[in-house]
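Below, each chain spelled out in residue letters.
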Amino acid sequence: MRLAEMTYWQAESYFQEHDCVILTIGCLESHGSHNVLGVDTLIPEKLLSMVEERTTVAAAPGIPYGVCEDMTCFPGTVSIGEDCMYQLLTRITDGLLAHGAKKILFLNGHGGNIPTLNRICIELSRKHALGVQLNWWIMAGQLNPAWAGGHGGGEETAAMLAVDPGLVHFDHLREQELIDDLGPEFPTPGFDRVTFGGIGIPVPRDVTRYAANGWIGPDHPKDATIQWGEEMLTAVADYIASFIEAFEKVKVK
């Protein structure tokens, strides 16, 4: 059920019976030369449509933008920053709490949103409510370690094939193109890090300095298939639906 498609009296009736609301949070950023910018939004929205077939939870309109300051060097990427995300989520969750929600489920598609979500969830607990982070890609890797992957790699590419194969451009696929921009003594293993003496050291900087196309991770996009994506998203949707069914019984104090 979508709150945007309910009347106020239908919403009132829902909150008399239920205290859970789910909303998607995504991002608009590069995920390699082969993927569209909306990966982090489109996958959670697909999962939400699947969860809606399995539960009666109400869904608030989602947020298609996220926190991705280090990716704005790629054309089309837009970041709203942590301060804006925090203010936006605070106003949205306060509004939902005012109408009877006590459990807010954030179906998240972007790792850069997690620090702000952590802050929001802690503040929800102080308002006698609960915030839950449903980070789909992490759950997928825990459900099946073979599905775990990096940014724009096989995992996300397979999920996008399940969303819409026409949104994956394998004809534009390039290799990972990692760059040791700080020199050979400080090789780049992944996001915002270099290694020295076998230890990873955070050095946050624009992604294009060390990853030319935005794909960063151990899993290769060429291995992605529609079958993988469909099996993975079905398993994640089933898990989320089971979680919601059990979590609705939790009494918030």
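The text that follows walks through the structure, step by step, so that each part is easy to find. On a predicted model such as this, the values are computed, not experimentally measured, just so you know.

Observations regarding the layout of surface pockets
Then step 1. Considered as a void within the structure, the largest pocket measures approximately 340 Å³ in volume.
Then step 2. Forming the boundary of the largest pocket are 19 residues, of which H110, G111, G112, H151 and F191 lie nearest the centre.
Then step 3. Here the lining of the largest pocket is built from residues that sort into 6 nonpolar, 7 polar and 6 charged.

Section: the pairing of strand β3 (residues 103-108)
Then step 1. β3 sits mainly inside the fold: 6 of its 6 residues count as buried.
Then step 2. Two strands pair when backbone bridges link them, and strand β1 (residues 20-25) and β3 are joined in this way by 6 bridges, in the parallel orientation. Pairing of L23 across the sheet is with F106, part of β3.
Then step 3. Here 6 bridges tie β3 to strand β4 (residues 130-135), and the two strands are oriented parallel to one another. Its bridge partner being in β4, F106 is matched across the sheet by Q133.

Thoughts on the nonpolar core
Then step 1. Counting 60 residues, the largest nonpolar core has L3, I22, L47, F106 and W136 as its most contacted members.
Then step 2. At 8 residues, helix α7 (residues 226-247) tops the list of elements feeding residues into this core.
Then step 3. Filtering out sequence-adjacent residues up to four positions away, L47 remains in contact with L107, W136, L233, V236 and A237.

A word on the sheet that holds β1
Backbone-to-backbone hydrogen bonds pair the strands of a sheet. The strands run either parallel or antiparallel.
Then step 1. Here 4 strands make up an open sheet; going across it, the order is β2-β1-β3-β4 and the pairing parallel. Whereas interior strands pair on both sides, the edge strands pair on one side only; in this sheet they are β2 (58-59) and β4.

Focus: helix α6 (residues 154-163)
Then step 1. With respect to burial, α6 is a largely interior element, 9 of its 10 residues being buried.
Then step 2. Of all the residues in α6, the buried ones are G154, E155, E156, T157, A158, A159, M160, L161 and A162.
Then step 3. Structurally, α6 contributes buried residues whose contacts are with α2 (39-52), α5 (136-143) and α7.

Rules of the game
Residues numbered from 1 in each chain as written. Predicted model: local features only at pLDDT ≥ 70, side-chain atom pairs only at ≥ 80, totals over all residues. Heavy atoms only, no water. 1 Å grid on protein atoms, 1.4 Å probe; cavity = no way out; pocket = protein on both sides within 12 Å on 5 of 7 lines; lining within 4 Å. Points joined across faces, edges and corners; volume = space filled by probe spheres on them. Nonpolar A, V, L, I, M, F, W, Y, C, P; charged D, E, K, R; others polar. Buried < 20%, exposed > 50% of the residue type's maximum accessible area, 1.4 Å probe, protein only. Helix = DSSP H or I, 4+ residues; strand = E, 2+ residues; numbered from the N terminus. Pairing = 2+ DSSP bridges. Core = buried A, V, L, I, M, F, W, Y, C linked by side-chain atoms within 4.5 Å. Contact = heavy atoms within 4.5 Å.

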